[in-house]
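# Secondary and tertiary structure notes
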Amino acid sequence: LKILSHFTVEGMSKELIETAKEWASIDPNHLTANHVLRLVAENKIEEIKKLFNGRIGFGTAGLRAKMEPGPLGMNDLTVLQASQGLAEYCRKHIPIDGGKKPMIVVGYDHRANANFNLSSKRFAVVTKLAMEHAGIKCILLDGYVPTPLVAFSVEHLCEIHTDYTVVAGVMVTASHNPKQDAGYKVYYCDGCQIRSPIDAGIADCIGRNLKPWFDYAAALKQCENLNGALTGKLETGQLCDMYYAAIGSKLVKGRYEATSKEFDEKWKEPKVVYTAMHGVGTPYAKRAFAIFGFPNTFYHVVPAQENPDPEFPTVSFPNPEEKGALDMAMEIAEEKGFDLIFANDPDADRLAVAERSRKTGEWTSFTGDQIGTLLGKWMWDSYGKFSEKPVAMCASTVSSKMLSFIGEKDGFRMEETLTGFKWIGSRAQSLRKEGSDVIFAYEEAIGFSCGDVVSDKDGLTALG
């Protein structure tokens, strides 16, 4: 048995080494490829096992893993394989309006691993290369963008490029996950996150397209010399304007605006400390505050957390729900005598809120259910009551039932869905097609969707 075990282990090791060498031979990133070859040359079997003992799975969340070499990590090769598979799926399974051509929109955050030259931006460029090789026009949004903007763009980019049909969207982000991670989030052509069985279909296409279609290494080298020519600066500006115009027309004007003014007369305006948690949110949040009519004096941004930083130096875990994540914001609020903290997670699709008691000085960090109930009631009082359509809201089945009780009393429908915004967003769309006015949706994990600006959670529209 010992002899048999020895040969079995040795055979597995040889197979693993061959797999690693084959991987390195098609990896377009020389740093990750050379790292793998160095492990092979030094016969570091255990380290090779950690990188090659399986493959990163593609599901409704897309891809998410540590930035490192091998099929279990987020790297140039796994991203190009996913992009090739997604491109094939889009070409074969998503209908195109008559005479139009397919198009995809891609955005990215600030995640990076300098040791291996891996980053969200590089993954986004790889995605663009794969899509355009497959004959799908790709608009790569310019600069770091919040996740909600990509979801919005999937539904509205065709208003700019009228000869095209948007077949999908990709946001390269790890959201609030640890700094070592990167992610690849896919939106379906309807602007909602992919859900079953779409994810299985894409995964199947990925499995059939693991070999690079062309020399990505050479193409990436050429891209380094193009500077900003790769990105759609014009489209990015237009989409941002359209996004904030939608917020203004759907969440500020009309009845909402009138109710807001009436409410303003009765309250003492609080002061807010805002943090982007070292993410992309600050410039987008500032513009959102302006659209909602809040002056610069209304809020103060945490300076040390204002700008995108892939190291997330002031937080151990970049999730505003985590204990201690809001400590710096609380300190500043106490120094300035401010009452509230608004915190976006790093890709600005979620919103955390904390309040300081004016009497005791004690802080309360609200749960997602508490924020959701407050936002839902506000949307009903300031907008839903005046709707000419039957009003509905959506929430995941694990969320609080408080809005359901309010709805029974006040006269709006509360619809429960499976857990996750992929189901919440798609159900909200279905209800709208059936004639309902879906004014709010949320999940308990501080994800909120106010109005119908986007079909996904949005930490920016929730600010107002």
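Before going into details, it helps to say that this report is about the structure given with it. Keep in mind that what you see is a predicted model, and the values were worked out from it rather than measured. (Residues numbered from 1 in each chain as written. Predicted model: local features only at pLDDT ≥ 70, side-chain atom pairs only at ≥ 80, totals over all residues. Heavy atoms only, no water.)

### Here's the deal with helix 6 (residues 147–156)
- With 9 of 10 residues buried, helix 6 is to be regarded as a mostly interior element.
- Taken residue by residue, helix 6 has Thr147, Pro148, Leu149, Val150, Ala151, Phe152, Ser153, Val154 and His156 as its buried positions.
- On its buried face, helix 6 sits against strand 2 (101–108), strand 6 (164–172), strand 7 (181–187) and helix 9 (233–251). (Buried < 20%, exposed > 50% of the residue type's maximum accessible area, 1.4 Å probe, protein only. Helix = DSSP H or I, 4+ residues; strand = E, 2+ residues; numbered from the N terminus. Contact = heavy atoms within 4.5 Å.)

### Looking at helix 5 (residues 120–133)
- Taking 1.5 Å of rise per residue, the 14 residues of helix 5 would be expected to cover 20 Å, and the 20 Å separating its terminal C-alpha atoms lies within 8% of that figure.
- In terms of burial, helix 5 is a largely internal element, 11 of the 14 residues being buried.
- Turning to helix 5, its buried residues are Ser120, Arg122, Phe123, Ala124, Val125, Val126, Thr127, Lys128, Leu129, Ala130 and Met131. (Expected span 1.5 Å × (residues − 1).)

### A look at the packing of helix 4 (residues 76–93) against helix 5
- Where helix 4 contacts helix 5, the axes come no closer than 9 Å and their chain directions differ by 35 degrees. With respect to the hand of their crossing, helix 4 and helix 5 are arranged in right-handed fashion. Contact residues: helix 4 offers Asp76, Val79, Leu80, Ser83, Gln84, Leu86 and Ala87, while helix 5 offers Arg122, Phe123, Val126, Thr127, Ala130 and Met131.
- In terms of residue class, the contact of helix 4 with helix 5 is made up of 8 nonpolar, 3 polar and 2 charged. (Axes fitted to C-alpha atoms, helices over the stretch in contact; angles between N-to-C directions. Left-handed = near helix turned anticlockwise from the far one by under 90°. Nonpolar A, V, L, I, M, F, W, Y, C, P; charged D, E, K, R; others polar.)

### Some words on the sheet that holds strand 1 (residues 63–66)
- Strand order in the open sheet formed by 5 strands is 1-7-6-2-5, with mixed pairing between adjacent strands. Every other strand in the sheet has two partners, leaving strand 1 and strand 5 (137–140) as the edge strands with one partner each. Averaged over all adjacent pairs, the angle separating strand axes in this sheet is 15 degrees, with direction ignored.
- With 3 bridges connecting them, strand 6 and strand 7 associate as antiparallel partners. Directly across from valine 170, in strand 7, lies its bridge partner valine 186.
- Packed onto the sheet, helix 4 meets strand 1, strand 2, strand 6 and strand 7 and runs at close to 5 degrees relative to strand 7. (Pairing = 2+ DSSP bridges.)

### Re the pattern of salt bridges
- Within the structure shown, the criterion is met by 29 salt bridges.
- Across the pair arginine 427 and glutamate 434 runs a salt bridge whose closest N-O atoms are separated by 3.5 Å.
- Through salt bridges that share partners, Lys185, Asp349, Glu443, Asp456 and Lys457 make up one connected network. (Salt bridge = Lys/Arg side-chain N within 4 Å of Asp/Glu carboxyl O.)

### A short note on the pairing of strand 2
- Of all 8 residues that make up strand 2, 7 are buried, and the element is covered over most of its length.
- Relative to strand 6, strand 2 is paired through 8 bridges, and the arrangement is parallel. Across the sheet, the residue bridging to methionine 103 is valine 166, located in strand 6.
- Sheet topology places strand 2 next to strand 5; 4 bridges connect them, and they run parallel. Bridge assignment links methionine 103 to a residue of strand 5, and that residue is lysine 137.

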